[in-house]
Amino acid sequence: MNHDDKRGQDHDMTPEHRIAGILVPVFSLRSPGDQGIGDTFGLIDFIDWAAAHGFALVKTLPVNETGDDNSPYNAISSVALDPCLLRLTPAALPDLPEEAFRRIAGDAALPAGRVDYATVKRLKMQLLRAAFTRFLERCAADRALAATFAAFTAENADWLEDYALHQVVAGLHGGSWASWEPALATPQAARQTLFGGSPEQSAKLAGEIVFHKYVQWEAARQWQRVHDHARERGVFLMGDIPFGVNYHSVDVWAERELFLTDWAGGTPPDGFFAHDEFIRKWGQNWGIPLYDWKRMGADGLKWWRRRVRVARRYFDFMRIDHVLGFYRLYGFPWRPERNDEFLPLSLDEIATRTGGRVPHFFPASDEVPADAARNRATGEALLRALLEEAGPHRLVGEDLGFLPPYVRESLESLGMAGYRIPQWERAPSGALVEGAHYPRLALAMYGTHDHDPLKSLWRTMAESSTQGDVNDLAAICHFAGIPAPEDAGFSPALHTALLAALLRSNAWMAIVQIADVFGWEERVNLPGTSTDANWTWRLPRPFAELAEEGTAPHIRELIAASGRAMPPAAG
């Protein structure tokens, strides 16, 4: 399969042409025929909606297979696609018999509100197994189909073999590889253990392995269809690659030597999460294993290059979440499950308990100029390798938070766009930087999936102004080129003015959350918390029914007026 992006020949993918984008999590989409969660076919319909409204780019969150916490930023595989995001109907999946679909889907009690992942995962696995039975029958009679499937498995063998085996072991023993017996501790050991029994048992396990390969084959087919459709509509797709990988992932199980599993990555205390005592004192312990960059570099960063290469099959641009991690990362010498144990301790007490290890930056902080220079050089070398795999300007660095002063300059030197959040961009005078002064190599938006939508942001600023702090309210109005309204309400005129100001900026990409188009306040995720509200929000109705809400009726005119009109599609 040739995954080269022909649209790169048809459209300008360089920062010379400013574009407008919209951010929507795939799971949040709602469309006729979906199965309790947004899916690939809903995204195809949304691409049509986005194109009709003038957006040249649709950005998603990561679409890799999630674990028990359902976070797309904590997936169980760095490359395997999430089966939950597939449309599994007979029309979308020809292998699925109508009778089986009616029997299985008819019994499913799918909630009308937020995503119920347990129900959705159970339903979709049942549908995929019904389809798999027919697929095997077709392969037995259709040599061309069997050859196509074999070609897919061979092309992706470097990750698919271990992934499928991991899923089989997880299905048999549950939990994480960290709790499995030594005979299952590695893929090599697991193969010997599982296939050392009777021929009947081995055949059954081999069939299970083929099933999980089939799931990924179908996922790849559906996502390729999404990408092809976006090309036809002249819409770019931007995916998202988290910096870290789940400690309990197939990646760590299969390639343990690439990770420092006795260290957990995160951030030092930053003052943003006053509600959490541990974060206030020690920082955020994400639990992701640190990378052994020396071991990864020994084979030319094969693991990281594979992540980028697979993502590029389905996306034109890729956002690297927490790009700062390539320069240096904060590490904890304990897993998050032990946070409560270490919370009351001092650094000396921690060192006593951990054999001298305490939380610190890897490889070092930036406080010493020589260390900062080394961190910068290390990060740039790593990112250059990924850019070689992705292509010029295709990687965007999420560079938010407390940054060393060299990071933005470094990203620019690499040709990578970084973020500009208007309400955070301050000139030396303290005033907000005007959008016209943003660098061209930048992505501008009022907030990511981790932040309040625009209406909530405005309400928070308005509440602060009633308490005597009017700086933020006045500043954002100045950015938008409008006087602060007397009643501080979020009016349609204000809503339009704020979006227009973002779109007018000089930044290459101006992206709005879908909530900001319609004037909603619901959040996708609240960082520093673990609740059922995270990663479960869905649109209140199918987007086709939302034509008259918020700025939707005139967003195309706003985009055109800003000079971000979509380039004409070739042909």
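Everything here concerns the structure above.
Cut-offs used in this document
- Residues numbered from 1 in each chain as written.
- Predicted model: local features only at pLDDT ≥ 70, side-chain atom pairs only at ≥ 80, totals over all residues.
- Heavy atoms only, no water.
- Helix = DSSP H or I, 4+ residues; strand = E, 2+ residues; numbered from the N terminus.
- Contact = heavy atoms within 4.5 Å.
- Buried < 20%, exposed > 50% of the residue type's maximum accessible area, 1.4 Å probe, protein only.
- Pairing = 2+ DSSP bridges.
- Axes fitted to C-alpha atoms, helices over the stretch in contact; angles between N-to-C directions.
- Parallel < 35°, antiparallel > 145°, perpendicular 65-115°, else oblique.
- Left-handed = near helix turned anticlockwise from the far one by under 90°.
- Arc of directions from axis to C-beta.

A.B. asks: I tried to follow the side chain of arginine 305 on my own but got confused; where do I start?
C.D. replies: Counting through the fold element by element, arginine 305 comes out in helix H12 (residues 302-314). When near neighbours in sequence (up to four residues on either side) are disregarded, arginine 305 contacts Gly300, Ala385, Leu386, Glu388 and Glu389.

A.B. asks: What should I look at first to understand the pairing of strand S6 (residues 317-320) in this one?
C.D. replies: Remember that side chains alternate between the two faces of the sheet whenever the strand is regular. Alternating residues of S6 divide into Phe317 and Arg319 and Met318 and Ile320, and every residue in both groups is buried. As defined by bridge partners, strand S3 (residues 236-241) adjoins S6 across 4 bridges and the pair is classed as parallel. Across the sheet, residue glycine 239 finds its bridge partner in S6, namely methionine 318. Pairing between S6 and strand S9 (residues 395-397): 3 bridges, direction parallel. Counterpart to arginine 319 in the pairing with S9 is valine 396.

A.B. asks: Any chance you could explain the packing of helix H6 (residues 157-173) against helix H7 (residues 187-194) here in plain terms?
C.D. replies: In a pair of packed helices, the angle between the axes and the distance between the axes together describe the arrangement. The geometry of H6 relative to H7 is characterised by a closest axis approach of 11 Å and an angle of 60° between their N-to-C directions. Relative to H7, the element H6 lies oblique. In this structure, H6 crosses over H7, and the sense of that crossing is left-handed. Residues Glu161, Asp162, Leu165, Val169 and Leu172 of H6 form the contact with H7, whose participating residues are Pro187, Ala190, Arg191 and Leu194.

A.B. asks: Would you mind going over helix H3 (residues 98-106) with me for this structure?
C.D. replies: Count 3.6 residues to each turn of an α-helix, and residues three or four apart come out pointing the same way. For H3, the set of buried residues is Ala100, Phe101 and Ile104. In a view along the axis of H3, the buried residues occupy a sector of 100°, so they form one face of it. With respect to the buried face of H3, the exposed residues turned more than 90 degrees away are Arg102 and Gly106. Tucked inside the fold, the buried residues of H3 contact helix H4 (117-141).

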